[in-house]
Amino acid sequence: TPRVFSGIQPSGGLTLGNYLGAIKRFVQMQEEDFETIYCMVDLHAITVWQDPADLTRNTRELAAGFIASGISPEKSILINQSQVPEHAQLGWIFNCVARMGWMKRMTQFKDKAGKNAENASLGLFGYPALMAADILVYHATHVPVGEDQKQHLELTRDIAAKFNHDYGVDFFPMTEPVIEGAATRVMSLRDGSKKMSKSDPSDASRINMTDDADAIAKKIRKAKTDPDALPSEVEGLAERPEARNLVNIFAALSDRTVEDVLNEVGGQQFGTFKPLLADLAVSKLAPISTEMARLMDDPAEIDRILAKGASQAREITAPILKRTYEIVGMVG
Ligand code: TYM
């Protein structure tokens, strides 16, 4: 069966962007004909400073977010990256396969390192090689992600191809990115040209998965828009990033196409549309945040789920790492 792998950083709370761009799709794929493995990537998180107590809490909270959103530990393997050491071990091999020039072209490194790249960690620079290892240590065939991860997944294919070529093997598969649906790039509620992000200094720019009903409704009411009514055709959203974003969110939350949504709401003013969107968002998200809070009351149970996930994962990763070492010529 085809195998799905994807990961999320436990570097702060989950946003609506993570939910619509990634987790919602993770849940769908779990119900389809795939073997699914989902991961809290704590090794990736520490490429920028994380307070240790926050990292622990954020990792458990992210696990709670996965489960509350519908990832079942019975149907999927749910893991924390550092508990499956083969990720880091294959990551080292890939550090030796990937080229400096490839890494320098990664736009996420440039964004995250900012102007002072000399002061960025070496881990941040090598981040995409570890990400390739996350995926390929399972021989995963499909990787559901948001639009912003596309370049990293192309690099994953480049690393697999170079390894196979250099060692004269056909060992690592070419993984397919799965970037689908109305919300592959959810934008800030304050600025339609910026991605919704947990690191944005303005809390009003995003919906957090832990926000309560009042906070969700208030942020949507205050979301930036333009003064025009909603169009009834998709083309009418082309030059209207804020309007397009809210319609995309509506479509993704209700599992409808943008065309279908515009058929219904075309002609409405934002004064009418925003309350509809707020009600929809609250009805979909509030049960998740309630369930997350309930799960967080029992961290030991979360830890048990992750320990079980790690041992299931290692049944897959250990033989693949062993074979990789043999191909490379390591005595073992
Ligand atoms: P991260 O933690 O930044 O984001 C997790 C997932 O959420 C998606 N996402 C969004 N989708 C739509 N709109 C947004 N505004 C938005 N913000 C975030 C991301 O595209 C991602 O799918 N490098 C990854 C983590 C990772 C990984 C992997 C992913 C590590 N190893 C292996 C897949 C496979 C990251 O930083 O995601």
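Residues numbered from 1 in each chain as written. Predicted model: local features only at pLDDT ≥ 70, side-chain atom pairs only at ≥ 80, totals over all residues.

Remarks on the overall build of the protein
Reasoning step 1: Summing up its helical and strand segments, the protein has 13 helices and 5 strands in all.
Reasoning step 2: Against the compact-globule benchmark of 20 Å for 332 residues, the protein has a radius of gyration of 21 Å, which places it among compact chains.
Reasoning step 3: Dimensions along the principal axes, computed over C-alpha positions, put the protein at roughly 70 × 45 × 40 Å.
Reasoning step 4: Counting every position in the protein, which comprises 332 residues, the buried fraction comes to 41%. (Helix = DSSP H or I, 4+ residues; strand = E, 2+ residues; numbered from the N terminus. Rg over C-alpha atoms; globule rule 2.2 N^0.38 Å. Buried ≥ 20, exposed ≤ 12 C-beta atoms within 10 Å, placed from the backbone.)

Some words on the nonpolar core
Reasoning step 1: Core analysis: the largest hydrophobic core is formed by 86 residues, its most contacted members being I37, F94, A132, I159 and I249.
Reasoning step 2: When residues of this core are assigned to domains, at least three map to each of domain 1 (3-178 + 298-328) and domain 2 (203-294).
Reasoning step 3: Non-local contacts of I159, meaning those with residues more than four positions away in its chain, are made with F94, V97, A98, A129 and A132. (Core = buried A, V, L, I, M, F, W, Y, C linked by C-beta atoms within 7 Å. Domains from an automatic or database assignment. Contact = placed C-beta atoms within 7 Å.)

Overview of the site of the ligand
Reasoning step 1: Around the ligand sit 26 residues, and of these G7, G17, G21, V145 and G146 come closest.
Reasoning step 2: When residues of the shell around the ligand are traced back to their parent elements, those giving at least two are β1 (3-8), α1 (16-31) and α7 (122-136).
Reasoning step 3: Looking at the shell around the ligand residue by residue, the class counts come to 11 nonpolar, 11 polar and 4 charged. (Near = placed C-beta within 6 Å. Nonpolar A, V, L, I, M, F, W, Y, C, P; charged D, E, K, R; others polar.)

Focus on the confidence of the model for the protein
Reasoning step 1: Looking at the protein as a whole, its pLDDT mean stands at 97, while 100% of the residues score no less than 70.
Reasoning step 2: For this predicted complex, the interface score ipTM comes out at 0.99, while the overall pTM is 0.97. (pLDDT = per-residue confidence, 0-100.)

Some points on α7
Reasoning step 1: Counted at 1.5 Å a residue, the expected span for α7 with its 15 residues is 21 Å, and the 22 Å between its end C-alpha atoms agrees.
Reasoning step 2: Residue P128 marks the point of greatest curvature in α7, where the axis turns by about 45°. (Expected span 1.5 Å × (residues − 1). Bend = angle between axes of the 7 residues up to and from the residue.)

Some remarks on helix α9 (residues 213-222)
Reasoning step 1: Taken residue by residue, α9 has I216, K219 and I220 as its buried positions. When α9 is viewed along its axis, its buried side chains cluster within an angular range of 95° and face the same direction. Exposed side chains of α9 directed beyond 90 degrees from the buried face belong to D214 and K222.
Reasoning step 2: Of the surrounding secondary structure, the elements contacted by the buried residues of α9 are α12 (270-296). (Arc of directions from axis to C-beta.)

Description of the pairing of strand β2 (residues 35-40)
Reasoning step 1: A large share of β2 lies buried, amounting to 5 of its 6 residues.
Reasoning step 2: As for the winding sense of the linkage, the β-α-β connection from β1 through α1 to β2 is right-handed.
Reasoning step 3: In this sheet, strand β3 (residues 76-80) lies alongside β2 in parallel orientation, the contact comprising 5 bridges. Paired with Y38 across the strands is L78, a residue of β3. (Right-handed = clockwise from strand over helix to strand, strands pointing away. Pairing = 2+ DSSP bridges.)

Focus: the packing of helix α3 (residues 52-69) against α12
Reasoning step 1: Across the interface, α3 lies against α12 with an axial gap of 8 Å and an inter-helix angle of 130°. For the element pair α3 / α12, the angle class is oblique. Crossing angle aside, the handedness with which α3 passes α12 is right-handed. Residue-level contacts link R60, E61, A64, G65, I67, A68 and S69 of α3 to I288, E291, M292, L295 and M296 of α12. (Axes fitted to C-alpha atoms, helices over the stretch in contact; angles between N-to-C directions. Parallel < 35°, antiparallel > 145°, perpendicular 65-115°, else oblique. Left-handed = near helix turned anticlockwise from the far one by under 90°.)

Digging into the packing of α9 against α12
Reasoning step 1: Running from N to C, α9 and α12 point in directions that differ by 150°, and their axes come no closer than 9 Å. Here α12 runs roughly antiparallel to α9, going by the angle between their axes. The handedness of the crossing between α9 and α12 comes out as right-handed. Residues A213, I216, A217, I220 and R221 of α9 pack against K274, L277, A278, A281, V282, L285 and A286 of α12.

Topic: the domain arrangement of the protein
Reasoning step 1: Each domain of the protein was delimited in the assignment, giving domain 1 (3-178 + 298-328) and domain 2 (203-294).
Reasoning step 2: Summarising the inter-unit geometry, the C-alpha centres of domain 1 and domain 2 are found 30 Å apart.
Reasoning step 3: Each partner contributes residues to the interface: domain 1 has 11 residues there, and domain 2 has 10 residues.
Reasoning step 4: At the level of secondary structure, the elements contributing two or more residues to the side of domain 1 that touches domain 2 comprise α1 and α3.
Reasoning step 5: Sort the elements by how many residues they give to the side of domain 1 that touches domain 2 and α3 lands first, with 5 residues.
Reasoning step 6: For the side of domain 1 that touches domain 2, a count of residues per class yields 6 nonpolar, 4 polar and 1 charged.

A word on unusual backbone geometry
Reasoning step 1: Positive phi, close to 50°, is recorded for H139, a residue that is not glycine.
Reasoning step 2: With respect to the helices, strands and loops of the structure, H139 is situated in the loop between α7 and β4 (142-144).
Reasoning step 3: Although it is not a glycine, D255 sits at a positive phi angle of roughly 55°.
Reasoning step 4: Examined against the element boundaries, D255 turns out to sit in the loop between α10 (241-253) and α11 (258-265).
Reasoning step 5: For D255, a count of 12 C-beta atoms within 10 Å puts it in the exposed group.

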